[in-house]
Structure formats: structure tokens, C-alpha cells
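# Structural characterization, general
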Amino acid sequence: MARVLVVEDDHFVRSALIRQLTEAGHAVRSAGTALQALREVAHVPFDVVILDLGLPDLDGSEALKMLRGITDVPVIVATARDEESEIIRLLDAGADDYLTKPFSVGHLSARIAAVLRRSRAATAATGAPPVLRVGGLVVDPRRRHAELDGRRLDLTRREFDLLAYLTGRPGVVVPRRELLAEVWQQSYGDDQTIDVHLSWLRRKLGETAAEPRYLHTLRGVGVKLEPPETDPLP
């Protein structure tokens, strides 16, 4: 059983989700606006939030950013928007998963179970992760802090996750499928998702695909992070 918050402004859809999720054994509360959702999350320790994007008071993507400012509770976005760029933006903004409307309650229940498994596995992990150092790159997963040559990097949530995962495997070629599974928590997806985030990350590391320093792409194989080569001594 999970404590679920359903954020949906359509009364009929909200009522149906509450009934079906309750029948599935979950403890369900609901909100019809973004502000109501924020108040609920501030006072109730939910296990997962189902967030509709078409809210009357605030766009769901903005509500997602505000939720991420106060809690790490897993968020599954329910949206009628199926453009890949929009989905990438939502996942990068902090969504843990998404469902495209219309969807069945069975599909939703399966996504809830998958998100909870990942969340509980992370919670069960013991010991603080070590600070990672590769060349002038320093990544602290616990504090979610990254520096390059002493300068703090301003990274989005997904950029940080990608950088931390690669920094933890220096010199290892990581297949794209592994990045999708471990960083995006998806068993399938488009390579463009990875390419876009690598491009943004390279820009913040002061490099390009044509002139890489830390991030190296092996076409058709994967991505490798390693320290830049030092200039030979004269």
C-alpha cells in the first residue's frame, strides 16, 4: 500500500482515480489545484504524487518545480502532451515518470509500483556515497554539488544525475541503454534524450563534442568520462 496524492482538476477523472486506486489498496488524497497540492505535500508524507499538467491556477510544469523545492517525493506526471521535447523537459525538471492520457488504472498502478521500488531501494542503501574526483572535476552525490577546477557547476537535476553516474565510472564506456536505465529509470527511449543532455553538460564543462575534455562519445557504443590529457612537459 502507498500513500498517493492525486492532483487533477477534472472532478470525474479525479473521482475515478481515487476510487480505483483505493480499490487497489492505496491510501489516496486529492487536490484540484497546484496550491492545494503544495499544501498537502507540506503536511502529509506521501509516497508518490500523480500530477496532472492542466491545472487551473498554475501550469503543472511550474507546479512540479515548486514541488521539487520542498520535497523529493516521487512524481508521476499525467499529461496529454506527447511531444518528445516536452517529455524530456518534464523529466529533467524533476518528474520520476510520466503517463500519456488516456491510460488505464492498471498501467498507472504498474508505474506506481516501479517508482516505489526505485525509491525504496535508494532509501535502503546504507552509507553516504563518496565524493567523486576525476581530474579537476569533483562531484558530491550526497550534497548534489559539483565543481570543475574549483568553480561550482550550475546543473539541472538530470544533468547532475548523468554527470554523477559517469564520474563514478571513470574510463569506462557506459552503453546508452545503461544510461537510460540507471539515470532516466527507463527501459527504452530515444538516443536524442541522452544527446541533448550531453550537449548541455558539455557546454557547462567548457567543451564540445568536436573538442572533448572529459566527455567522450564512442559512436554506436556509449559514453566515457575520463580526465583530460595533460600537456606534455617541454
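Nothing here was measured: the structure is a model prediction, and the numbers come from that model.

## Considering the nonpolar core
In this structure, Leu137, Leu163, Leu166, Leu179 and Leu205 are the most contacted members of the largest nonpolar core, which totals 49 residues. Here this core gets six residues from one element, more than from any other, and that element is helix H6 (residues 157-167). The residues contacting Leu163, other than those within four sequence positions of it, are Leu137, Val139, Ala146, Leu153, Leu155, Leu201, Leu205 and Leu225. Core analysis: the next-biggest nonpolar cluster, separate from the first, contains 15 residues, Val4, Leu17, Leu21 and Val48 among them.

## So, the packing of aromatic side chains
Tallying each qualifying case throughout the model produces zero aromatic pairs. Directly above the aromatic system of Tyr165 lies the positively charged group of Arg169, at a separation of 3.5 Å from the ring centroid.

## Points about the sheet that holds strand E12 (residues 222-225)
Spatially, the three strands line up as an open sheet ordered E10-E12-E11, and their pairing is antiparallel. Single-partner strands in this sheet number two, and they are strand E10 (174-175) and strand E11 (215-218). Judged from the four bridges that link them, E11 and E12 form a sheet pairing that is antiparallel. Within E12, the position partnered with Leu215 by the bridge is Leu225.

## Digging into the pattern of salt bridges
When the charged atoms of two side chains lie near each other, side chains of opposite charge can form a pair. Counted according to the given criterion, the structure contains 13 salt bridges. Of the charged contacts in the structure, one is a salt bridge between Asp52 and Lys101, with a shortest N-O distance of 2.7 Å. Remark: Lys101 occurs in the loop between strand E5 (97-100) and helix H5 (105-124) and Asp52 occurs in strand E3 (residues 48-52); sequence separation between them is 49 residues. When its relative accessible area of 29% is taken as the criterion, Lys101 is described as partly exposed. Between Arg144 and Asp161 there is a salt bridge; the shortest N-O distance is 2.9 Å. Of this pair, Arg144 sits in the loop between strand E7 (137-140) and strand E8 (145-148) while Asp161 sits in helix H6; the two residues are 17 residues apart in sequence, bridging distant segments of the chain. Sharing partners across several salt bridges, the network here consists of Glu8, Asp52 and Lys101.

## With respect to unusual backbone geometry
Each neighbour pair has its own omega, and for Lys101 with Pro102 the value is -5°, a cis peptide bond. Topologically, Pro102 is positioned in the loop between E5 and H5. Of note in this structure, Asp149 is not a glycine but carries a positive phi near 55°. One can find Asp149 in the loop between E8 and strand E9 (151-152). Judged by its relative accessible area of 55%, Asp149 falls in the exposed class.

## Overview of helix H8 (residues 191-205)
Spanning 15 residues, H8 covers 21 Å between terminal C-alpha atoms, matching the ideal 21 Å at 1.5 Å per step. Turning to H8, its buried residues number three or more, namely Thr193, Ile194, His197, Leu198, Leu201, Arg202 and Leu205. Looking down the long axis of H8, one finds its buried residues gathered within 155° of arc, a one-sided arrangement.

## Focus on the pairing of E3
With respect to burial, E3 is a largely interior element, five of its five residues being buried. By the alternation rule, side chains of E3 split into Val48, Ile50 and Asp52 and Val49 and Leu51, which are all buried. In terms of strand pairing, strand E1 (residues 3-7) meets E3 through four bridges, oriented parallel. When the sheet's bridge partners are listed, Val4 is paired in E3 with Val48. The β-α-β motif built from E3, the intervening helix H3 (residues 60-70) and the parallel element strand E4 (residues 75-79) has right-handed crossover chirality.

What counts and how
- Here the residue numbering is sequential within each chain, running from 1 through the sequence in written order.
- Note on the predicted model: pLDDT of at least 70 is required for a residue's local features to be given, and 80 or more for side-chain atom pairs to be given and counted; whole-chain, interface and lining totals, by contrast, use all residues.
- Heavy atoms throughout the structure, all of them, feed into the side-chain values; hydrogens and water do not.
- As used here, the term nonpolar core means buried Ala, Val, Leu, Ile, Met, Phe, Trp, Tyr and Cys residues forming a set that is joined through side-chain atoms within 4.5 Å.
- Summary of the burial criterion: residues with accessible area below 20% of their type's maximum are buried, those above 50% are exposed, and those between are partly exposed, where the area comes from a 1.4 Å probe applied to protein chains only.
- Starting at the N terminus, helices and strands are each numbered in turn, a helix being any DSSP run of H or I of at least four residues and a strand any DSSP run of E of at least two.
- Throughout, a residue-residue contact means that at least one pair of heavy atoms, one from each residue, lies within 4.5 Å.
- Two rings from Phe, Tyr or Trp (for Trp, the six-membered ring) form a pair when their centres are within 6.5 Å of each other. A pair whose planes differ by under 30 degrees is stacked, one over 60 is edge-to-face, and the rest are tilted.
- We count a charge as sitting over a ring when the NZ of a lysine or the CZ of an arginine lies within 6 Å of the ring centre and within 35 degrees of the ring normal.
- For two strands to be treated as a pair, DSSP must find no fewer than two bridges joining them.
- Definition used for salt bridges: Asp or Glu carboxyl oxygen within 4 Å of a side-chain nitrogen of Lys or Arg.
- Multiply 1.5 Å by the residue count of a helix minus one, and that product is the helix's expected span.
- Arc definition: directions from the helix axis to the C-beta atoms.
- By convention, a crossover is right-handed whenever its connection, traced from the first strand over the helix to the second and viewed with the strands pointing away, goes clockwise.

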